[in-house]
Every structure is written in C-alpha cells, then in structure tokens.
Amino acid sequence: MTTDNGTTFRHSVPVQLRFNDADSLGHVNNSVYFSFYDLGKTEYFRTILGKNYYGTKIDIVVAHAEVDFLQPVFLTDDIAVQTRVSEMGHKSFKLQQRIVCLNTGAVKCVCTTVMVGFDFTTGATIPISSELRSLIADYESREDFR
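Sequence positions are assigned chain by chain, starting from 1 and proceeding in written order. Selection of residues for local features in this predicted model requires a pLDDT of at least 70, selection of side-chain atom pairs for listing and counting requires 80 or more, and totals for whole chains, interfaces and linings are taken over all residues. Hydrogens are left out, water is left out, and the side-chain values use all remaining heavy atoms of the structure.

Novice: Tell me about the pattern of salt bridges, residues and numbers included.
Specialist: Basic side-chain nitrogens of Lys or Arg form a salt bridge, by our definition, when they fall within 4 Å of a carboxyl oxygen of Asp or Glu. This model, assessed by the stated rule, comprises 8 salt bridges. A salt bridge links K94 to E87, with the shortest nitrogen-to-oxygen separation between them at 3.7 Å. Given a relative accessible area of 44%, E87 falls into the partly exposed group. Among the charged side chains, a network of salt bridges with common partners joins D138, E143 and R146. Any residue under 20% of the maximum accessible area for its type is buried, any over 50% is exposed, and the rest in between are partly exposed; the area is computed with a 1.4 Å probe on protein chains only.

Structure follows, in structure tokens:
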C-alpha cells in the first residue's frame with residue numbers, strides 16, 4: 001500500500017463499521033476514528049511482536065495525537081486503517097496512520113501519533129528498548145531506526 005508521494009504502509013487492517021458509529025449527519029462520527037486508530041496500533045504491535053504479543057510488556061504510551069479529517073466515512077464504505085512508523089528517536093517514535101476507502105483508494109483521514117517510552121513504575125520516560133527498535137526496523141525495512 002503506497003501513497004501518491006511514495007510513502008509505504010505495509011500494515012493494513014480492515015475495519016467493520018457498526019450502526020452506532022454513525023452520527024445524525026449520516027457519516028461516521030469524528031470521535032470514532034480514534035477507536036479505528038487504536039485498532040491499527042494494536043494490530044501493528046501484534047504483528048511485529050508475533051506470538052509473544054500477549055506476554056510482552058509494552059513500555060510505550062501515547063504522548064500526542066494529531067488528526068486531519070479529509071473526507072467523511074459513510075456506513076456503506078469499506079475502509080481499512082493503515083499504520084507505519086515514520087520516525088524513530090531515542091525515547092519516542094512517530095506512528096503515521098490513515099483511514100482509506102478500499103474501493104476507491106481515497107484517504108479519508110490521517111493521524112500522526114507520538115509514542116514515548118515509559119516506565120510505569122517510576123512514571124518517567126525511558127529510551128525505546130533495543131528489542132522494540134529492532135522489531136520496528138525489521139518490519140519497516142529501516143536500518144536507520146536501529
């Protein structure tokens with residue numbers, strides 16, 4: 001899956017729309033998009049962590065999320081959430097996500113999320129673990145992430 005500017009999203013998850021996702025205007029309510037993006041994050045990390053996903057301590061938190069709504073999503077649309085890591089820092093990385101219409105390829109919404117390494121015991125930020133960094137680098141084919 002590639003955008004018009006050449007950005008590759010290797011990870012894609014179809015989203016089943018539900019009746020209660022729609023608002024009085026007949027389209028998916030803006031607040032619902034965050035549950036789609038959460039689904040994308042969950043499945044992305046499940047993919048890179050593999051069978052050990054449920055036993056793995058994930059020491060990252062969402063520090064910032066920014067969304068641009070480009071086109072409405074209607075209950076009749078077949079959509080997917082696509083996820084990629086676009087930048088890797090010492091203590092944080094950026095996830096880029098988008099909602100796309102599977103029938104037309106139209107990008108309906110885009111989201112950038114900053115994920116930060118976090119120690120839940122001390123309540124302090126920590127470096128992204130070398131294990132997680134390597135898994136993301138391998139999945140995204142980005143040696144510069146190591």
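Back to the write-up after that little detour.
Novice: Explain the pairing of strand β4 (residues 92-101) residue by residue, including any values.
Specialist: Consecutive residues of a regular strand have side chains that alternate between opposite faces of the sheet. When you tally the buried positions in β4, you get 7 out of 10 residues, the bulk of the element. The sheet contact formed by strand β3 (residues 79-88) and β4 spans 9 bridges and is antiparallel. Looking across to β4, one finds that R84 is bridged to Q96. Joining the antiparallel neighbours β3 and β4 is a turn of 3 residues. Only strands that DSSP links by at least two bridges are regarded as paired with each other. A helix here means a DSSP run of H or I that spans at least four residues, while a strand means a run of E at least two residues long, and both kinds are numbered starting from the N terminus. Where β4 and strand β5 (residues 107-119) come together, 9 bridges link them in antiparallel fashion. If you follow R98 over to β5, its bridge partner there is V110. Hairpin geometry of β4 and β5 is characterised by an intervening segment of 5 residues between the two adjacent antiparallel strands and by a positive phi of about 80° at G105.

Novice: Lay out unusual backbone geometry in plain terms, naming residues and giving numbers.
Specialist: Of note, S141 is a non-glycine position whose phi angle comes to about 55°, a positive value. Examined against the element boundaries, S141 turns out to sit in the segment after α2 (130-140).

Novice: Help me get a handle on α2, residues and values and all.
Specialist: Along α2, the residues classified as buried are L132, R133, I136, A137, Y139 and E140. Seen along its axis, α2 keeps its buried residues to an arc of 170°; they face one direction. Away from the buried face of α2 by more than 90 degrees, exposed residues S130 and E131 are located. Structurally, α2 contributes buried residues whose contacts are with β1 (11-15), α1 (33-49), β2 (60-69), β3 and β4. Picture the helix axis, draw a direction to every C-beta atom, and the arc is the one those directions span. In what follows, residue pairs with any heavy atoms lying within 4.5 Å of each other are defined as contacts.

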